[in-house]
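A structural walkthrough
Chain residues, written in single-letter form:
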Amino acid sequence: KKEPKPIYLENAKKHIDWLIENSSKGYSGACWGTGFKIVISDTLIYDKSVPFSTNTPYVLEALYEYFQITNDVAIFEVIKSIYDFYEKDLVVLQEDENILITSYGPFKDRIVTNAVSYTMFAYSIFYKLFDNKKYIAQKIEKMMNFVASVQREDGSWLYAPYDSSSFIDCFHSVFILKNIIKTSRNIGIELKLRSEMVNSGYKYIKESFLDKNFGLFKRFSVSNKPSLTKFDLYDNAEMLYLAKLTNDDESSISLEKNIKTHFYSNKNIYSLIDMFKMKKNKNTLRWAVMPYLLAKSL
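Residues numbered from 1 in each chain as written. Predicted model: local features only at pLDDT ≥ 70, side-chain atom pairs only at ≥ 80, totals over all residues. Heavy atoms only, no water.

**Some words on the pairing of strand β12 (residues 279-282)**
- Here strand β11 (residues 268-274) runs beside β12; their pairing, made up of 3 bridges, is antiparallel. Residue pairing in the sheet places tyrosine 270 in a bridge with lysine 282 of β12.
- Counting the residues between successive antiparallel strands, the hairpin from β11 to β12 contains 4 residues, one of them, lysine 277, with a positive phi of roughly 65°. (Pairing = 2+ DSSP bridges. Helix = DSSP H or I, 4+ residues; strand = E, 2+ residues; numbered from the N terminus.)

So, in C-alpha cells, the structure goes:
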C-alpha cells in the first residue's frame, strides 16, 4: 500500500498461497494455529494442529488487505471460509444480553482477554465485507463490553481475567488495545467508552512497562513466574506498532531508535536481551523480527 509495485504483490501472494495450503485441517472453515504443541496445564494441552482465535486474524487481515487491492474472488471465498470457522468451531463460553466470551481454541477451554479481543477484531473485518451487519455488530459490541468489564481500575488487563494468579505483560496488553482501536475503526464507531479504555490502557503500558534507563519496554508488570529475560524484541515491536497506530510520534521515534541501539549488532538483529545484558536469538524471524518489520511498515 505504501509503495505499489507488482513484485511486492506477487511475493505477498506466494505467502498467502502457502498459508492457505497449510491451514489447520478438519474444521468448518480455514483457520490457523502455531504449528507446535502448547501445554497450558495437566488438563489443557493444544496439539500442534489446533487452530486459535488469536492466530487466525493475522492471516484474515492479510487476506483482507490483499482482497482490497486485487478484488480476487478466490481470496474472498477463503475469507468466507474463515467466517465459518469463527461461527461454527469457536465455542461461546458465556453470553447474556450484554457480554459475549468466546473460546481460545475450537473447544471449551479458557477465558483469555486478548483472545476475545482478537475474535472481536476478526468480526470487524467480516462486518466490512458481509451483508449481515446487524448480527455481526451485536457480537462485536458484546465482546467489546466484555473487554471493558475486565479492565482494571489502573487501565490494565490480566491475561486471564478471572484467575487471581494470572499475569499482566506488555505484548498481550498491546494486543488488546490494537484490537479495540482497529475494531472501532473498521465498524466506524468511536464510542466514549472505547476512548476511555484505550487512553487508560495506553497510559498503564507506558507507565508500567517502560524502563527509562534503556528506553525499552519490559515483559511483565505483574509476573507469576521467574524469568531471565530483561527485554524481548516482541514487546517492543508490538509497542512500536501501537505507538504508530495511535500517532504517538514521540514514543515511536524514541522506541525505534532504542531498538536499534540495543537489539542490533553488526548488521544482525537479536530477539532477546537477558538479565546479564547478553543478546540472544540472532535473526530469528518468527519471534520477533517479523512483528518488528510489520511495525516498521506502518
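Now that the structure has been shown, the text picks up again.
**Details of unusual backbone geometry**
- Residue tryptophan 287 is joined to alanine 288 through a cis peptide bond whose omega torsion reads 5°.
- With respect to the element layout, alanine 288 can be found in helix α10 (residues 285-297).
- Phi angles above zero are rare outside glycine, and asparagine 247 is one such case at about 60°.
- On the secondary structure map, asparagine 247 appears in the loop between α8 (233-245) and α9 (249-263).
- Classification of asparagine 247 as exposed rests on a relative accessible area of 59%. (Buried < 20%, exposed > 50% of the residue type's maximum accessible area, 1.4 Å probe, protein only.)

**Describing the packing of aromatic side chains**
- With the rule as written, the count across this model stands at 28 aromatic pairs.
- Between tyrosine 27 and phenylalanine 85, the ring centres sit 6.5 Å apart and the planes meet at 90°, which makes this aromatic pair edge-to-face. Separated by 58 residues along the polypeptide, tyrosine 27 in the loop between α1 (6-21) and β1 (38-41) and phenylalanine 85 in helix α3 (residues 73-88) bring together distant segments of the chain.
- The structure contains a cluster of three or more aromatic residues connected by ring pairs, namely Tyr27, Phe67, Phe76, Tyr83, Phe85, Tyr86, Tyr123, Phe126 and Phe130.
- For arginine 110, the ring lying beneath its charged end belongs to tyrosine 104, and the centroid distance is 4.3 Å. (Phe/Tyr/Trp six-rings, centres within 6.5 Å; stacked < 30°, edge-to-face > 60°. Lys NZ or Arg CZ within 6 Å of the ring centre and 35° of its normal.)

**A closer look at the nonpolar core**
- With 80 residues, the main nonpolar core has Ile79, Ile82, Phe126, Ile180 and Ile205 as its most contacted residues.
- Top contributing element to this core by residue count: helix α4 (residues 113-129), with 10 residues.
- Sequence-distant contacts of isoleucine 180, defined by excluding residues within four places in its chain, comprise Met120, Met144, Val147, Trp157, Arg194, Met197 and Val198.
- In this structure, Val50, Tyr159, Ala160 and Phe220 belong to the second largest nonpolar core, which totals 11 residues. (Core = buried A, V, L, I, M, F, W, Y, C linked by side-chain atoms within 4.5 Å. Contact = heavy atoms within 4.5 Å.)

**A look at the packing of helix α6 (residues 170-187) against α8**
- Taken N-terminus to C-terminus, the directions of α6 and α8 make an angle of 25°; their axes are 9 Å apart at the nearest point. Taken as axis vectors, α6 and α8 run roughly parallel relative to one another. Here the hand of the crossing between α6 and α8 comes out left-handed. In this structure, α6 contributes Cys170, Phe171, Val174, Phe175, Leu177, Lys178, Ile181, Lys182 and Arg185 to the contact, and α8 contributes Tyr234, Asp235, Glu238, Met239, Tyr241, Leu242 and Leu245.
- Counted by class, the contact of α6 with α8 contains 11 nonpolar, no polar and 5 charged residues. (Axes fitted to C-alpha atoms, helices over the stretch in contact; angles between N-to-C directions. Parallel < 35°, antiparallel > 145°, perpendicular 65-115°, else oblique. Left-handed = near helix turned anticlockwise from the far one by under 90°. Nonpolar A, V, L, I, M, F, W, Y, C, P; charged D, E, K, R; others polar.)

Note that all results are geometric; they support no functional claim without further evidence.
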